[in-house]
Amino acid sequence: VQEFLNVELPRVQQRKVDLLLRLVDGTLLHIEFQTRNHRDMAARMGEYYYWLVRKFGCNVRQIVIYTENGRLTMPCRFNPQGNVHQFQLLDLRDVSAAELLKSNRLLRISSAQKINFA
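Owing to the predicted nature of the structure, the values given are computational and were not obtained by experimental measurement.

Visitor: When you look at the environment of methionine 45 in this model, what are you seeing that I'm missing?
Guide: Here methionine 45 shows up in helix 1 (residues 41-56). Taking the C-alpha atoms as reference points, methionine 45 and phenylalanine 78, 33 residues apart in sequence, are found 8.4 Å from one another. Among all residues touching methionine 45, those that are not within four sequence positions of it are His30, Glu32, Gln62, Ile63, Val64, His85 and Phe87.

Visitor: I tried to follow the nonpolar core on my own but got confused; where do I start?
Guide: Core analysis: the largest hydrophobic core is formed by 14 residues, its most contacted members being Leu20, Leu28, Met41, Met45, Val64, Met74 and Phe87. Those elements giving two or more residues to this core turn out to be helix 1 and strand 4 (60-66). No other element matches helix 1, which puts five residues into this core. Leu19, Leu29, Ile31 and Ile65 belong to the second-largest nonpolar core, a separate cluster that totals five residues.

Visitor: Help me understand the side chain of histidine 38 in this model?
Guide: If you trace the backbone, histidine 38 turns up in the loop between strand 3 (28-34) and helix 1. Here the side chain of histidine 38 touches aspartate 40 through a polar contact of 3.1 Å, landing on its backbone nitrogen. Apart from the residues within four sequence positions on either side, histidine 38 is in contact with Arg44 and Met74.

Visitor: Just to check I follow, could you spell out the environment of alanine 42 for this structure?
Guide: Position of alanine 42 relative to the elements: it lies in helix 1. If we skip the residues at most four places from it in the chain, alanine 42 touches Pro75, Arg77, Phe78, His85 and Phe87.

Visitor: What should I look at first to understand the pairing of strand 3 in this one?
Guide: Where a strand is regular, its side chains alternate between the two sheet faces. The buried count for strand 3 comes to six of seven residues, which makes it a mostly enclosed element. By the bridge criterion, four bridges tie strand 2 (residues 19-22) to strand 3 in an arrangement that is antiparallel. In the strand pairing of strand 3, arginine 22 is matched with leucine 28. Once strand 2 ends, the chain turns through five residues before running back antiparallel as strand 3, passing glycine 26 with a positive phi of about 95°. One ladder, built from seven bridges, connects strand 3 with strand 4; its direction is parallel. Note that in strand 4 the partner of glutamate 32 across the bridge is valine 64. Regarding the hand of the β-α-β motif, the stretch spanning strand 3, helix 1 and strand 4 is right-handed.

Visitor: Help me understand helix 1 in this model?
Guide: Structural remark: α-helix, 3.6 residues per turn; residues separated by three or four positions point the same way. Over its 16 residues, helix 1 runs 22 Å from end to end, which matches the ideal 22 Å to within 8%, given 1.5 Å per residue. Those residues of helix 1 that sit buried are Met41, Ala42, Ala43, Arg44, Met45, Gly46, Tyr48 and Leu52. One or two positions beyond helix 1, positive phi appears at glycine 57, with a value near 65°.

Calculation notes
- Residues numbered from 1 in each chain as written.
- Predicted model: local features only at pLDDT ≥ 70, side-chain atom pairs only at ≥ 80, totals over all residues.
- Heavy atoms only, no water.
- Helix = DSSP H or I, 4+ residues; strand = E, 2+ residues; numbered from the N terminus.
- Contact = heavy atoms within 4.5 Å.
- Core = buried A, V, L, I, M, F, W, Y, C linked by side-chain atoms within 4.5 Å.
- Buried < 20%, exposed > 50% of the residue type's maximum accessible area, 1.4 Å probe, protein only.
- Polar contact = N/O pair within 3.5 Å; in protein donor to acceptor, adjacent residues only side chain to side chain.
- Pairing = 2+ DSSP bridges.
- Right-handed = clockwise from strand over helix to strand, strands pointing away.
- Expected span 1.5 Å × (residues − 1).

Function-wise, these values are silent; they only describe arrangement.
This is the structure:
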């Protein structure tokens, strides 16, 4: 043994996700809007995933929508010590304006309020 470590983990008091929807099949759809390349985004999505599964006890599908003009460089995968967590990463610039206007999905998503995750 090299050392004994403190096993008390910090507790997050309150977290908010950008959008959380329950789909017809019972799956939760978690959507985050990201305006910059955040180097810890994949780890954060992994945290959200495990908190949502623990709180609601059902399948969770996750999407990060990147809304900035700069090149998307964030990974869509978190792989600490072989434990893999993956989510869908969508660059909004890759979706045509005509496609967005054809469906009013963008309006519904952008008008949704942030959901309290406490």
